[in-house]
Amino acid sequence: GTLPLLGVRPALGRGFTLDDDAPGGPDTVLVSHAYWLRALAGRADAIGQSVVVDGKGRQVIGVLPEGFRFLRYDPAVVLPFRLNPAEVFVGNFGSQGLARLKPGSTIEQANADIARLVPDRFPLPPGFSRQMFDEIRLGPLVRPLAVDVIGDIGQVLWVLLGTVSIVWLVACANVANLFLLRAEARQQELAVRAALGASVAQVARALLAEALILGLAGGALGLALAYGGIQLLVALAPAELPRLSDIALDPIVLGFTLALSLGAGLLFGLIPIVKYAKPRIGNALKQGGRGSSDGRERHRARNGLVVAQIALALVLLVASGLMIRTFVELRGVAPGFSAPEDVLTVRVSIPAALIADAEQVARTHEQMVRRIEAIPGVTSVGLSSSITMDGMHSSDPVFVEDEPRPEGQMPPLSRYKWITAGYFTTMGNPLVAGRDFTWNDIHGQTPVAIVNASLAREHWGSAAAAVGRRIRNNPKGPWREIVGVAGDDRDDGVAKPAPATAYWPILMRDFWNPGVFTQRSLAYAVRSSRLRSPEFLRDLQQAVWAVNPNVPLARVATLDQLYRRSMAQTSFALIVLGIAASVALLLGLVGIYGVVAYVVSQRRREIGIRIALGASSGAVQRLFVRRGLQLTAVGLGVGVVASAAVMRVLSSLLFGVSPFDPLTYAAVVATLGSVALLATWLPARQAALVEPSLALRSQ
């Protein structure tokens, strides 16, 4: 029912039926369009052929449509699930379901309906009581599919939208200032038009037309830059952006750009229209004559725009500064491994169809480890069901011997991982107490366990006190002695605390059910100085296939890639805010430089008179520097207040730093103030060099 629910129909053949999905049904498979072209030569008669998946031959019954994806996955083959309800117990729901709500139904109603099914339809695991699951409030979590499709990128995208909106406003303020200067220079022209009979509406339309044309031209150039930016974004493929291949300049984006361009034209065009569309003919002609100097009322709008630019630039600089502090704090966190650029991770799975015997599976993994250790340049090899930060972990309760706990109370959930000897050495995560597993522990099915420092502190107060204690995974299972305590690892990313973790050998007896349990799918961590060699992965493949040529290698990635992926959201926000803050800072400085430079140009006659009467160059410089610093001080004050209000939105993206961090605010204010001082001093210095005779003659 999954593909029909999503509206997906095979391009060739048929989809799954209830018979295909029933336990013990025919072994069938759907293949993707790309796999059909690559492995089956795109032949129409591929339907009915057999392909080997997980060591088992399966009949191809259909080809999925071109471009089919499922959430963030791009599968080559799709298999029937074959869930057997008779084998499922409460708490063993490791899968997710899809459904469509009936018309008029709500998420809350659906969640309540499913919750009523759980206690009655499925048995309890051995040793657990109904009270335990009632206490932890085990239940379904029905939510919109969009939550899984989009993930947690929504907040970052809202921050991005807010960031570029601020840059857009700064740019509009800058252009509005230029339009004001242009309109002032055209006062005589506008006055003449009015004197010759032009109405206010006609003058306003002329000014607005110029602004809208400029806005549309900027929008067209922006679309060209956006197209190049999208190509770069797709090439970089940031892990935190879902559905990256769907990002394109579609009609909605084009319409939004048109609206934004027209909005920008209106925004920076209205201010000069309001101020100069109805020129005062007498004043305009008088102020444009010889000997006039600039009126104070002309500067108010320009000064207000400069103050707004500085304030908005400060908001972005504070946000960028906080993200830089966050990134530095994250880089300073010990992730639970060292030198990740020298560790390659690859997942190897041995299905039951290939090797049925659990003990033989463990021996096969060891043989592969020995082969890989023999590769030149390999330092060590370790196996785990989940490498730190790979997102493939599981959690279950850990029962501690001699720990007082009310009858029927469930202990807290802890992270579960199955590992082999050498895992901690390879990861660079030293044991803080006790010893590591050995292959003798694994093959002898010795009842041992390792915990991390977080779990040890939670139950025994210190790492050393945990060694020799005993734990188990269920109330009826055998006790397993803790032989070592590992350092904490930030399994959920460096921004999240290290979870309490229990490590088990990959081969165990009587773990959940009677008999021998083995972990068939393991991630290999390989530490080597040859990771950058193109032949290394080939050597690794040959080492694995020398033991069993039917085992594929999957999810190849360096530990450094996993580490960077955990900080991808922070890095993405940092880059975006950094670029935006730099642009806003540049525009703000251009604005204040332009205002002071324009004032200098308009007051050249006054400057000449001052110098002719004995004013020193320093006094003239201070006159204009003071004016620029006044605008800067007002902008900084407004910006600090605005930043304190806006930074609450960023609080969830920060780590180890407060949204009101005084150090960041002080550094940004000092930096912006210093650069604004430079932007003010340059035109002020030009004012001090004015030649009095030339200034008076030019007027």
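Residues numbered from 1 in each chain as written. Predicted model: local features only at pLDDT ≥ 70, side-chain atom pairs only at ≥ 80, totals over all residues. Heavy atoms only, no water.

**Here's the deal with the packing of aromatic side chains**
Turning to step 1, where the next piece is worked out: Enumeration over the complete set of coordinates arrives at ten aromatic pairs.
Turning to step 2, where the next piece is worked out: Ring plane angle 65° and centroid distance 5.5 Å describe the contact between Tyr 423 and Phe 424, whose orientation is recorded as edge-to-face. Considered together, Tyr 423 and Phe 424 belong to a single accessibility category, that of buried residues.
Turning to step 3, where the next piece is worked out: Relative to Phe 517, the ring of Phe 511 lies with its centre 5.6 Å away and its plane at 25°, an arrangement referred to as stacked.
Turning to step 4, where the next piece is worked out: For Phe 511, a relative accessible area of 1% corresponds to the buried category.
Turning to step 5, where the next piece is worked out: Residue Phe 517 is classed as partly exposed on the basis of its relative accessible area, which comes to 26%.
Turning to step 6, where the next piece is worked out: Directly above the ring of Trp 479 sits Arg 472, whose terminal nitrogen or CZ lies 3.9 Å from the centroid. (Phe/Tyr/Trp six-rings, centres within 6.5 Å; stacked < 30°, edge-to-face > 60°. Buried < 20%, exposed > 50% of the residue type's maximum accessible area, 1.4 Å probe, protein only. Lys NZ or Arg CZ within 6 Å of the ring centre and 35° of its normal.)

**A look at helix α19 (residues 559–566)**
Turning to step 1, where the next piece is worked out: Regarding α19, the residues found buried are Leu 559, Asp 560, Leu 562 and Tyr 563. In a view along the axis of α19, the buried residues occupy a sector of 160°, so they form one face of it. (Helix = DSSP H or I, 4+ residues; strand = E, 2+ residues; numbered from the N terminus. Arc of directions from axis to C-beta.)

**Section: the pairing of strand β12 (residues 448–452)**
The side chains of a regular strand alternate between the sheet's two faces.
Turning to step 1, where the next piece is worked out: Among the five residues in β12, five count as buried, and that is most of the element.
Turning to step 2, where the next piece is worked out: Burial along β12 is two-sided: Val 448, Ile 450 and Asn 452 facing one way and Ala 449 and Val 451 facing the other are all buried.
Turning to step 3, where the next piece is worked out: In this sheet, strand β14 (residues 480–486) lies alongside β12 in parallel orientation, the contact comprising five bridges. Note on β14: the bridge partner recorded for Val 448 is Glu 481.
Turning to step 4, where the next piece is worked out: As paired strands, β12 and strand β15 (residues 501–505) are joined by two bridges and run antiparallel to one another. Following the sheet pairing, Ile 450 is matched in β15 by Tyr 503. (Pairing = 2+ DSSP bridges.)

**Topic: empty space enclosed by the protein**
Turning to step 1, where the next piece is worked out: One pass over the structure, following the stated rule, counts two cavities of 30 Å³ or more.
Turning to step 2, where the next piece is worked out: Size it by volume and the largest cavity reaches roughly 40 Å³.
Turning to step 3, where the next piece is worked out: What lines the largest cavity is Val 156, Val 159, Leu 160, Thr 163, Phe 572, Ala 573, Val 576 and Leu 577.
Turning to step 4, where the next piece is worked out: Of all the secondary-structure elements, those providing two or more residues to the lining of the largest cavity are α7 (153–185) and α20 (568–602).
Turning to step 5, where the next piece is worked out: In terms of residue class, the lining of the largest cavity is made up of seven nonpolar, one polar and no charged.
Turning to step 6, where the next piece is worked out: Approximately 30 Å³ is the volume found for the second largest cavity.
Turning to step 7, where the next piece is worked out: Taken together, Gly 336, Thr 388, Tyr 423, Phe 424, Met 427, Asn 429, Asp 489 and Tyr 503 make up the lining of the second largest cavity. (1 Å grid on protein atoms, 1.4 Å probe; cavity = no way out; pocket = protein on both sides within 12 Å on 5 of 7 lines; lining within 4 Å. Points joined across faces, edges and corners; volume = space filled by probe spheres on them. Nonpolar A, V, L, I, M, F, W, Y, C, P; charged D, E, K, R; others polar.)

**Things to note about the pattern of salt bridges**
Turning to step 1, where the next piece is worked out: Applying the stated criterion across every chain, the model contains 19 salt bridges.
Turning to step 2, where the next piece is worked out: Between Arg 415 and Asp 491 there is a salt bridge, and its shortest N-O distance comes to 2.9 Å. Here Arg 415, found in strand β10 (residues 413–419), pairs with Asp 491, found in the loop between β14 and β15; they are 76 residues apart in sequence, far enough to count as distant.
Turning to step 3, where the next piece is worked out: By relative accessible area, Arg 415 is classed as buried at 8%. (Salt bridge = Lys/Arg side-chain N within 4 Å of Asp/Glu carboxyl O.)

**Topic: the side chain of Thr 257**
Turning to step 1, where the next piece is worked out: Residue placement: Thr 257 occurs in helix α10 (residues 251–276).
Turning to step 2, where the next piece is worked out: A relative accessible area of 16% means that Thr 257 is categorised as buried.

**Observations concerning the confidence of the model for the chain**
Turning to step 1, where the next piece is worked out: Looking at the chain, the pLDDT average stands at 84 and 90% of residues meet or exceed 70.
Turning to step 2, where the next piece is worked out: For the stretch residues 288–294, pLDDT sits under 50, and the model shows 14 contacts to residues farther than four places along the chain or on other chains. (pLDDT = per-residue confidence, 0-100. Contact = heavy atoms within 4.5 Å.)

**Quick look at the nonpolar core**
Turning to step 1, where the next piece is worked out: Counting residues in hydrophobic clusters, the biggest one holds 51 residues, and the most contacted among them are Ile 372, Ile 471, Trp 504 and Tyr 524.
Turning to step 2, where the next piece is worked out: No other element matches helix α13 (residues 358–373), which puts six residues into this core.
Turning to step 3, where the next piece is worked out: Listed in part, the 50 residues of the second largest apolar core include Val 307, Ala 580, Ile 592 and Val 595. (Core = buried A, V, L, I, M, F, W, Y, C linked by side-chain atoms within 4.5 Å.)

**Describing the environment of Thr 388**
Turning to step 1, where the next piece is worked out: On the secondary structure map, Thr 388 appears in the loop between β7 (378–384) and β8 (394–397).
Turning to step 2, where the next piece is worked out: Between the C-alpha atom of Thr 388 and that of Leu 559, which follows or precedes it by 171 residues, the distance is 8.4 Å.
Turning to step 3, where the next piece is worked out: Ignoring sequence-local partners within four residues, the contact set of Thr 388 consists of Pro 335, Phe 337, Lys 417, Tyr 423, Met 427, Asp 489, Arg 490, Asp 491, Leu 559 and Leu 562.
Turning to step 4, where the next piece is worked out: Looking at Thr 388, its side chain comes within polar contact range of the side chain of Asp 489, at 3.0 Å. (Polar contact = N/O pair within 3.5 Å; in protein donor to acceptor, adjacent residues only side chain to side chain.)

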